[in-house]
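Fold and geometry: a report
Residues per chain, in single letters:
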Amino acid sequence: MTNFIEMTGISKHFGGVAALSGVDLTIAAGEVHCLAGENGSGKSTLIKIISGVQPPDAGGVIMIDGVEYPQLTPSDSTRIGIQVIYQDLSLFPDLTVAENIAFAQHLQGLRSVNRGRILATARAAIARIGISLDPQAKVGDLSIAQRQLVAICRALAAEARLVIMDEPTASLTRTEVDALLGIARELKRRGIAVVFVSHRLDEVLEIAERVTVLRDGRKLGTWNAQEMTPRRLGSLMTGHEFDYTITAPDLSAAPVVLSVDRLSRRGDFEDVSLDLRRGEILGVIGLLGSGRTELALSLFGMRPPDTGEIRLDGASVTLRSNRAAIDHGIAYVSEDRLSLGLVLEQPIASNIVLSILGKLAGAFGLLRMDRKRAAVADWIEQLGIKVSDPENPVRTLSGGNQQRVVLAKWLATQPRVLILDSPTVGVDINAKDGIYAIVKRLAASGMAVMMISDEIPEVLYHSHRILVMHSGRVKGEFHPAQISEAELREAIDA
Amino acid sequence: MPKTSRTMIGASLLHSHEGKLLLVVVALAVFLSLATRSFFSLQNMVDLLTSYAFSGMLAAGLLVVLISGGIDISFTATASVAQYIAMTVANHFHVGWIEVIAISAAIGIACGLLNAVLIGTLGLSSIIVTIATLNVFFGLLMFFTHGNEIFSLPDWFVNGASWVVYTDADQTPYVFNLQMIGLIGAFVLTAILLTRTNIGRQIYALGSNVEAAKRVGIKVFRLNLLVYGYMGFVAGMASLIQAQDAQSVSPNALVGRELDVLAAVVLGGASLTGGVGTVWGTILGVMLLAFLQNGLLLLGVPSYWSQCFTGAVILIAVSALAVERQRHRAAARRVMA
């Protein structure tokens, strides 16, 4: 295989901080290559250098097709055939699929729109990866997975020879990931190189040839994908060994805190019964659309069930609003912390106390600043949130620390039942470990925790009991010690 | 299952915002035709077209700004400045139509470009910048003119140009006038810009996702110059046909009408967050407001009640639009899951 891109000695400093130091990277024509690293490892900076968005420090060499470049400009990189698909996909939701794919044609100044040519370009790109996609549909009406296909087609329409995908699997279900991998194979067959950039590479390892791992701006090495396991990759990326063992104590004697009896809600879930005990972590796993999040929302009072009963400490309760659920001691940490869980522009401190403003009020219902400061300091310490100043906006924190702020906000309500929906989405391995430790500590202190997830290792190693949901029903209950990852995967997908 | 083309048209009529709006406008027109004697008359239609030409033209310009993801509040002040200066020049120098059009176009474009430069270089939101420039433009105009109106305009301007299209049995002539030309011209020009040129598609893209627009290589600052410049140009043109219709120029006659124009464009389905809107919808939005205000007048509703009623209709229509979009999004989500 011939090398398409050879980069040697690439460094990049921002101010005095080294984002990349002396990194070498080669990408062969038609290769599937994984670029792995935690947040802050320098992988985004490396992509920006390849795509010409940022110049590297002097001294590095970029060799493409045998031509040497000290640095690339965005137009160089587009001309050579390098296309980056960013995590946000950079699409225009109000334009059609065809217009998004062939948008480059709209950049030709004052010339009038040639709809026929745009449609033809789009159809050709769609046909090349053999998918069905309506070119006249509005992108805003498509699912995330379909939007990703649009972004891939746009790269193809731009005559890509290298497609770099930034965190492509982050918001996809397993089936959608499989479809994406199929497309990556198809691109490879056509001689187009694919680089997957991710910190969640288990799936991608299956089809990659080589893996390059970055840590703290340095390259640790490039390995053949066959000799790499997810566990080894994890320890390379973080520099720690994360060797989780199954810890599932027998809690059948502990009192039941939350009991759900034949709960149904039309179109969401049906006939769900479960018991959640004091000190227990109950893992609930299922695909997107399996009803897992809908069930959580019903337990949190946001989507009242049609039939069935919810009991707290044996007493039947009706939860008509989330306020009622909070008053009954139920807290829900949503999956989408960016849009639902946090006010990103607001200070960390204000986010933490958002759910307990009433308790902090003094005379005339005015906020007591001393109480607020005490509560904030307390939670920052208890959850080990790394902050330089609690008055900084939440936006300035890393994913893991943001998730801790959300947790603090809900724990401040002193719940007896804590429902966590995909608590480690978008959080890197080190930070995940911290969150698991917090959850286990909470359970040990007597809280009943329900942890919804679509990551198998997450429920297998960090919960005491596993419920599998499928098409709105509970399909099975498993003890972590008595089921393997493969068996669990089968139960979820079937 | 094959569908007949008629049910397809019927379905798309009911599914698009424009379709629903058309039904509302038609229903209102039918009601007013039955309830009043004069609504459904050729003369009333000619009057409506003439008197709403100013608002309609501005709506076309504002549509472009809203699609780009911005907003402009200052265009009534721009129009006032443009018509005042153009007419003052016309009164003092020996000039004709071409010069007057060139002057008001130049002033309009200059004001628009100033907005774009302030928005682009200061990185401020367009609503703040244009509220400020509205006050600056208007304040300067009032200071230099002392609020004095211009009552006598050149004869060639006062006479304007109109073509008798039809004379009825009572020898009443029905004319095609400058106002209609301006109105039709603004809508046709805007429609071509938005749907037939690459620049137009770039404007939709910009309003749809600014970050993506930058990444794909759209020069945002230059595009904003064009968008706000176009709004200013349209305001300059509209100011002339308004002065011609009013037969006089008053520096404070226009400021205050910007929110009516904004309401018409939003009624027409344009989104305040950008990326969405059509000329067809804007035309219907203007028609709805025009019919409503005219109809209430003909029905003898006192003018304050008429204002209140118009406000209520805007509220209902915009709420319906919001509910419709939410449902649409929910439906799209269900498809995903």
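All residue numbers refer to position in the chain's written sequence, counted from 1. Throughout, the order in which chains and ligands are written sets their labels, letters from A for the former and numbers from 1 for the latter. Note on the predicted model: pLDDT of at least 70 is required for a residue's local features to be given, and 80 or more for side-chain atom pairs to be given and counted; whole-chain, interface and lining totals, by contrast, use all residues. No hydrogens and no water enter the side-chain calculation; it runs on all heavy atoms of the structure.

**Regarding the side chain of H17 of chain B**
Secondary structure elements follow DSSP: runs of H or I no shorter than four residues count as helices, runs of E no shorter than two count as strands, and numbering proceeds from the N terminus. Here H17 of chain B lies in helix α2 (residues 17-35). Beyond its immediate chain neighbours, meaning those up to four positions away, H17 of chain B contacts L267, G268, G269, L321 and E324 of chain B. Working rule for contacts: check all heavy atoms of both residues, and any pair within 4.5 Å makes them a contact.

**Brief notes about the sheet that holds strand β10 (residues 218-224) of chain A**
Strand pairing in a sheet relies on backbone hydrogen bonds, with the paired strands running either antiparallel or parallel. Residues and elements named next belong to chain A. Strand order in the open sheet formed by six strands is β6-β7-β8-β3-β9-β10, and the pairing between neighbours is mixed. Only two strands of the sheet have a single partner each, and these edge strands are β6 (82-85) and β10. Averaged over all neighbouring strand pairs, the angle between strand axes comes to 20°, with direction disregarded. Strand pairing follows a simple DSSP-based rule, namely that at least 2 bridges must link the two strands. In this sheet, strand β7 (residues 162-166) lies alongside β6 in parallel orientation, the contact comprising four bridges. By the bridge assignment, I85 is partnered in β7 with M165. Here an axis means a line fitted to C-alpha atoms, over the contact stretch when the element is a helix, while the angle between two N-to-C directions is reported on a 0 to 180 degree scale. Sitting on the sheet, helix α8 (residues 230-238) touches β3 (32-36), β9 (210-215) and β10, and the angle it makes with β9 is about 30°.

**Observations regarding the packing of aromatic side chains**
Pairing of aromatic rings covers Phe, Tyr and the six-membered ring of Trp, with a centre-to-centre limit of 6.5 Å; geometry is then stacked below 30 degrees between planes, edge-to-face above 60, and tilted otherwise. Summed over the entire model, instances satisfying the criterion amount to nine aromatic pairs over all chains. Their ring planes at 45° and their centres at 4.9 Å tell us that F92 of chain A and F103 of chain A sit as a pair that is tilted. Within this pair, whereas F92 of chain A is found in the loop between β6 and α3 (97-101), its partner F103 of chain A is found in the loop between α3 and α4 (115-128), the two being separated by 11 residues in sequence. Across the pair, exposure class does not vary: F92 of chain A and F103 of chain A are buried alike. On the numbers, 5.7 Å between centres and 20° between planes, the contact of Y166 of chain B with Y174 of chain B is stacked. Relative accessibility thresholds used throughout: buried, under 20% of the residue-type maximum; exposed, over 50%; partly exposed, between the two (1.4 Å probe, protein chains only). Judged by relative accessible area, which is 11%, Y174 of chain B ranks as buried. Clustering of aromatic rings is evident, with ring pairs tying together F300, Y332 and W410 of chain A. Each ring is checked for a lysine NZ or an arginine CZ that lies within 6 Å of its centre and within 35 degrees of its normal; such an atom marks a charge sitting over the ring. Here the guanidinium or amino end of R201 of chain B rests over the ring plane of Y204 of chain B, the centre of that ring lying 4.6 Å away. The lysine or arginine in question, R215 of chain B, covers the ring of Y86 of chain A, its NZ or CZ lying 4.0 Å from the ring centre.

**Some words on unusual backbone geometry**
Residues and elements named next belong to chain B. Even without being glycine, Q171 reaches a positive phi, approximately 65°. With respect to the element layout, Q171 can be found in the loop between β1 (162-167) and β2 (173-177). Phi is positive for Q247, which is not a glycine, with a value near 65°. The residue Q247 is located in the loop between α12 (220-246) and α13 (258-267) in this model.

**A look at the nonpolar core**
Formed by 95 residues in total, the largest nonpolar core has its most connected members in M57, L58, L62, L66, M87, I203 and F291 of chain B. Considering every element that reaches this core, the biggest residue donor is α12 of chain B, with 13 residues. Apart from residues lying up to four places away in sequence, M87 of chain B is in contact with V100, I150, L153, F157, L240 and V249 of chain B. Formed by 67 residues, the second largest nonpolar core is a distinct cluster that contains A331, A412, V417 and A431 of chain A. To form a nonpolar core, buried Ala, Val, Leu, Ile, Met, Phe, Trp, Tyr and Cys residues must be joined to one another through side-chain atoms within 4.5 Å.

**Quick word on the packing of α2 of chain B against helix α14 (residues 279-298) of chain B**
Residue and element names in this part refer to chain B. Packing of α2 against α14 leaves a shortest axis separation of 10 Å and a crossing angle of 25°. Of the possible angle classes, the one that applies to α2 and α14 is roughly parallel. In terms of crossing hand, the pair formed by α2 and α14 is left-handed. Taken together, the residues of α14 that come into contact with α2 (itself represented by E18, L21, L22, V24, V25, L28, A29 and L32) are W280, G281, L284, G285, M287, L288, F291, L292 and G295. In this count, Pro and Cys sit with the nonpolar residues alongside Ala, Val, Leu, Ile, Met, Phe, Trp and Tyr, while Asp, Glu, Lys and Arg are called charged and the others, Gly among them, polar. Across the contact of α2 with α14, the residue classes break down as 13 nonpolar, three polar and one charged. Any angle that is under 35 degrees is reported as roughly parallel, and any over 145 degrees as roughly antiparallel; angles of 65 to 115 degrees are reported as roughly perpendicular and all others as oblique. Note on convention: near helix rotated counterclockwise from far helix by under a right angle means a left-handed crossing. Clockwise means right-handed.

**Observations concerning α14 of chain B**
All names here are of chain B. The terminal C-alpha atoms of α14, which comprises 20 residues, lie 28 Å apart, in line with the 28 Å expected from a rise of 1.5 Å per residue. Of all 20 residues in α14, 14 are buried, a share of seventy percent or more. Among the residues trailing α14, G300 stands out with phi positive, at a value near 80°. What a helix is expected to span follows from its residue count: subtract one and scale by 1.5 Å.

**Notes on a nonpolar patch on the surface**
All names here are of chain A. In this scheme, patches are assembled from residues that exceed 30% relative accessible area and form no salt bridge. Like charges are connected within 9 Å, while nonpolar side chains (Val, Leu, Ile, Met, Phe, Trp, Tyr) are connected within 5 Å. All accessibility values rest on the Shrake-Rupley procedure with a 1.4 Å probe; residue burial counts only the protein chains present in the view. Within this document, salt bridges are pairs made up of a side-chain nitrogen of Lys or Arg and a carboxyl oxygen of Asp or Glu, the two lying within 4 Å of each other. A cluster of nonpolar side chains, contributed by V343, L354, L357, L367 and M369, occupies part of the molecular surface with about 390 Å² of accessible area. With respect to the helices, strands and loops of the structure, M369 is situated in helix α14 (residues 369-382). Overall, M369 belongs to the partly exposed group, its relative accessible area being 45%.

**Some points on the pairing of β10 of chain A**
Residue and element names in this part refer to chain A. As judged from the six bridges shared by β9 and β10, these two strands associate in the antiparallel manner. Bridging across to β10, V213 finds its partner in G221. Taking the residues between adjacent antiparallel strands as the criterion, β9 and β10 are bridged by two residues, where D216 takes a positive phi near 50°.

**Some points on the pairing of strand β13 (residues 281-285) of chain A**
Residue and element names in this part refer to chain A. Among the five residues in β13, five count as buried, and that is most of the element. Here β13 shows a buried face lined by I281, G283 and I285 and a second buried face lined by L282 and V284. Alignment of β13 against strand β18 (residues 448-453), held across five bridges, turns out to be parallel. Opposite L282, over in β18, you have M450 as the bridge partner.

**Brief notes about the interface of chain B and chain A**
How big an interface is tends to be expressed through the accessible area that disappears when the partners come together. Between chain B and chain A, the residue contacts involve 23 residues of the former and 24 residues of the latter. Summed over both partners, the accessible area lost on bringing two parts together, with a 1.4 Å probe, is the buried area. Here chain B meets chain A over a buried area of about 2100 Å², counting both sides, of which 55% is carbon and sulfur. Taken together, the connections running from chain B to chain A amount to two salt bridges. Throughout this description, a polar contact denotes any pair of N or O atoms lying within 3.5 Å of each other; where both atoms belong to protein, one of them has to be capable of donating a hydrogen while the other can accept it, and for residues adjacent in sequence the pair is counted only when both atoms sit in side chains. Summed over the shared surface of chain B and chain A, the number is nine residue pairs in polar contact (both at pLDDT 80 or more). Looking at the side of chain B that touches chain A element by element, the count peaks at seven residues for helix α10 (residues 198-208) of chain B.

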